[in-house]
Amino acid sequence: MTDVYDLAVIGGGIQGTGVAQAAAAAGYRVILFEQHQLASGTSSRSSKLIHGGLRYLESGQFGLVRKALRERALLLRLAPELVRLVPFYIPLYADTSRRSWQIRAGLSLYAALGNFSREARFTKLDRQAMDKLELKDTASLQAVYQYYDAQTDDSALTRSVMQSAMQLGAELICPARVIQIVAENRQYLVNYEKRGRQETCHCKAVVNAAGPWVNAVLEHVTPTVPKLDIDLVQGTHLVLLQASPKGIYYVEAPQDRRAVFIMPWQGKTMVGTTEKNFTGDPSTTEPGQDEIDYLLEVYRYYFAGNDDISDCFSGLRVLPAGQHNFFHRPRDTVLYQHPDAPGLLSLYGGKLTGYRATAQQVIKSLRPLLPERKVIADTVQLELMPVNEELC
């Protein structure tokens, strides 16, 4: 027996679950395939931040920042138990590359893009407040700016979005491995393996939200569909035994002046992230000793706490291939539909913060190919609650 759906989604990370939620809210019959567990890839290995991306202002990505700040405000309202505001501190010393006026200008633009909301405000700390910070050297501080962004448990947020999608009627098949996607007669045949058995479903459209496996999924499409050229960029985080700091420190790495976050995480201190080119099977990504040493050096430069490592993990970002360094590559999601297969949409890249807006774009792009359905909900209004168990 072959099941019939409006939309099939491949990938149970935050982007895939976001698409499933948006599709189900729009009234479509949707099925999502996840090979392992929800958020088992990049969506459990991020910096755990729901933020506008202050540093992306330097590369002129104003639209991305504006969208992210809008989505941050929305998630603070819809998921108060999962997303919370946290103070961020930017310390400036004599050898910090950016001067006080530059930080003030950047934060002023950040506030403007956030519509000057309460969450977008910033302040410059006075000497008494600077002396109370947890930094190793407060005496040499020339200035510290405080602003607010949000933090989340990325895995928990992904599960919550999938639960919302399922409450709206979406189906989750997990674990399941997609074997083949065949385009025929303006629809798609998806062959997949579930617990050793091969099964099939028909659908009008397919969303490839497999993250770093996005091009691997396209290799299973018949007829062949061209792939975009991408770079996989590994980002590593350390979790140190040092008790959580009282906020998130946004510092410059002394080695190369890259931005690094030192933040609270589950009662400990997390440090990240790196940017390192990755080749090979995405499932084999793991922290390199060079990355571990790099992050420990950053931590020790600013803090004197316990730097014994409790845990470390690596995730992969998908960025457009190019000659520029990773910082200057566009970070917004690319929605790719080849003219020969318009019903097959692949998501390249994407930020945790912007998953809901991306999902809305996906549904808008595919709507002409999908049957008319009655809208049953609006993701702008759907509250997200914690899920206390695995959904698959």
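Okay, so let's go over this structure. (Residues numbered from 1 in each chain as written. Predicted model: local features only at pLDDT ≥ 70, side-chain atom pairs only at ≥ 80, totals over all residues. Heavy atoms only, no water.)

A word on the overall build of the chain
If you tally the helices and strands in the chain, you get 8 helices and 19 strands. Expected size for 392 residues packed as a compact globule is a radius of gyration near 21 Å; at 22 Å, the chain falls within 12% of this value. Dimensions of the chain, computed from C-alpha atoms along their principal axes, come out at roughly 70 × 40 × 40 Å. By residue count, 55% of the 392 residues in the chain fall in the buried class. Relative to all contacts within the chain whose residues are 6 or more apart in sequence, the contacts with residues 24 or more apart total 73%. On the chain, roughly 17,300 Å² of surface is accessible, and the fraction owed to carbon and sulfur atoms is 48%. For the chain, the centre of its 42 positive side-chain charges and the centre of its 41 negative side-chain charges are spaced 6 Å apart. (Helix = DSSP H or I, 4+ residues; strand = E, 2+ residues; numbered from the N terminus. Rg over C-alpha atoms; globule rule 2.2 N^0.38 Å. Buried < 20%, exposed > 50% of the residue type's maximum accessible area, 1.4 Å probe, protein only. Contact = heavy atoms within 4.5 Å. Areas by Shrake-Rupley, 256 points an atom, 1.4 Å probe, with all protein chains shown as cover. Lys, Arg positive; Asp, Glu negative; His and termini not counted. Charge placed at Lys NZ, Arg CZ, Asp CG, Glu CD.)

Topic: the layout of surface pockets
For the second largest pocket, the calculated volume is near 530 Å³. Along its surface, the second largest pocket is lined by 26 residues, and Arg55, Glu58, Arg98, Tyr250 and Ala259 are the ones closest to its centre. Of the residues forming the lining of the second largest pocket, the biggest block, 6 residues, is contributed by helix H3 (residues 100-113). Residue classes in the lining of the second largest pocket are distributed as 14 nonpolar, 4 polar and 8 charged. (1 Å grid on protein atoms, 1.4 Å probe; cavity = no way out; pocket = protein on both sides within 12 Å on 5 of 7 lines; lining within 4 Å. Points joined across faces, edges and corners; volume = space filled by probe spheres on them. Nonpolar A, V, L, I, M, F, W, Y, C, P; charged D, E, K, R; others polar.)

Quick notes on the environment of valine 30
Counting through the fold element by element, valine 30 comes out in strand S2 (residues 30-33). Here valine 30 falls in the buried class, since its relative accessible area comes to 0%. Considered as a pair, valine 30 and leucine 172 are 142 residues apart in the sequence and their alpha carbons are 8.8 Å apart. Those residues in contact with valine 30 that sit more than four places away from it in its chain are Tyr5, Leu7, Val9, Ala20, Ala23, Ala24, Gly169, Ala170 and Glu171.

Digging into unusual backbone geometry
Cis geometry is adopted by the peptide bond preceding proline 175, which originates at cysteine 174 and carries an omega value of 0°. Mapped onto the secondary structure, proline 175 falls in the loop between strand S7 (171-173) and strand S8 (177-184). Not every positive phi belongs to a glycine, and phenylalanine 116 is a case in point at roughly 55°. Looking at where phenylalanine 116 falls in the secondary structure, it is placed in the loop between H3 and strand S5 (122-124). With a relative accessible area of 59%, phenylalanine 116 lands in the exposed category. Here arginine 257, not a glycine, exhibits a phi torsion of approximately 65°, which is positive. Mapped onto the fold, arginine 257 is located in the loop between strand S13 (248-252) and strand S14 (259-265).

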